[in-house]
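Results of the structural survey
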Amino acid sequence: MVRRGRECSVAEALEVVGERWSLLALREIMLGERRFNQIAENTGASRDILAARLRKLVDAGVLEKVQYEAHPPRHEYHPTEAGRALQPILLGLMAWGDKYVHQGEPPTLWRHACGEVLEPATVCAHCGEPVNASGLRAIRLGAVHA
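Residues numbered from 1 in each chain as written. Predicted model: local features only at pLDDT ≥ 70, side-chain atom pairs only at ≥ 80, totals over all residues. Heavy atoms only, no water.

Per an unreviewed UniProt entry, the protein goes by the name HxlR family transcriptional regulator and belongs to Amycolatopsis rifamycinica.

Structure (structure tokens):
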């Protein structure tokens, strides 16, 4: 496949997880739902679309399929290391939706280990300061492919 536009990890990540039903399936798995029927019910996705998205996430190494029953064969979906690494991204997307899209009280709240309601924030791993657009500048950009 020939890529056009700027070489970019965002674009590559979106190839794996950038579809609505993929993200909603990951949300359910992060909430502890592991079985297909429950994921389908809680996302509202059609079974065929959900099956395709879950297969793609398994193939990409984001999820693993774990058999929990032999007769008939039944599987659960568990996040891999790559899948677990998406949780802060999903929490950030949720926080953005709570602030800029959803009307009213947030539908889902998380309690942090410190005991407080979680307010996700992106901070610099080196200095601990919050990340914001005014404090950033690109030092390397991916090549643009025509």
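Packing of helix α2 (residues 20–30) against helix α6 (residues 87–100) leaves a shortest axis separation of 11 Å and a crossing angle of 110 degrees. With respect to each other, α2 and α6 are oriented roughly perpendicular. Of the residues in α6, those in contact with Leu 23, Leu 26, Arg 27 and Met 30 of α2 are Gln 87, Leu 90 and Leu 93. Its residues assigned to classes, the contact of α2 with α6 comprises 5 nonpolar, 1 polar and 1 charged. (Axes fitted to C-alpha atoms, helices over the stretch in contact; angles between N-to-C directions. Helix = DSSP H or I, 4+ residues; strand = E, 2+ residues; numbered from the N terminus. Parallel < 35°, antiparallel > 145°, perpendicular 65-115°, else oblique. Contact = heavy atoms within 4.5 Å. Nonpolar A, V, L, I, M, F, W, Y, C, P; charged D, E, K, R; others polar.)

When strand β2 (residues 63–69) meets strand β3 (residues 74–79), the two strands line up antiparallel, connected through 6 bridges. Paired with Lys 65 across the bridge in β3 is Tyr 77. Here β2 folds back onto β3 in antiparallel fashion, the turn holding 4 residues. (Pairing = 2+ DSSP bridges.)

Leu 26, Leu 50, Leu 54, Leu 63 and Tyr 77 are the most contacted members of the largest nonpolar core, which totals 19 residues. Residue assignment for this core shows that the elements contributing at least two residues are α2, α3 (36–43) and α4 (47–59). With 6 residues, α2 is the largest single contributor of residues to this core. Here Leu 54 is in contact with Ala 25, Ile 29, Phe 36, Leu 63 and Tyr 77, once residues within four sequence places are set aside. (Core = buried A, V, L, I, M, F, W, Y, C linked by side-chain atoms within 4.5 Å. Buried < 20%, exposed > 50% of the residue type's maximum accessible area, 1.4 Å probe, protein only.)

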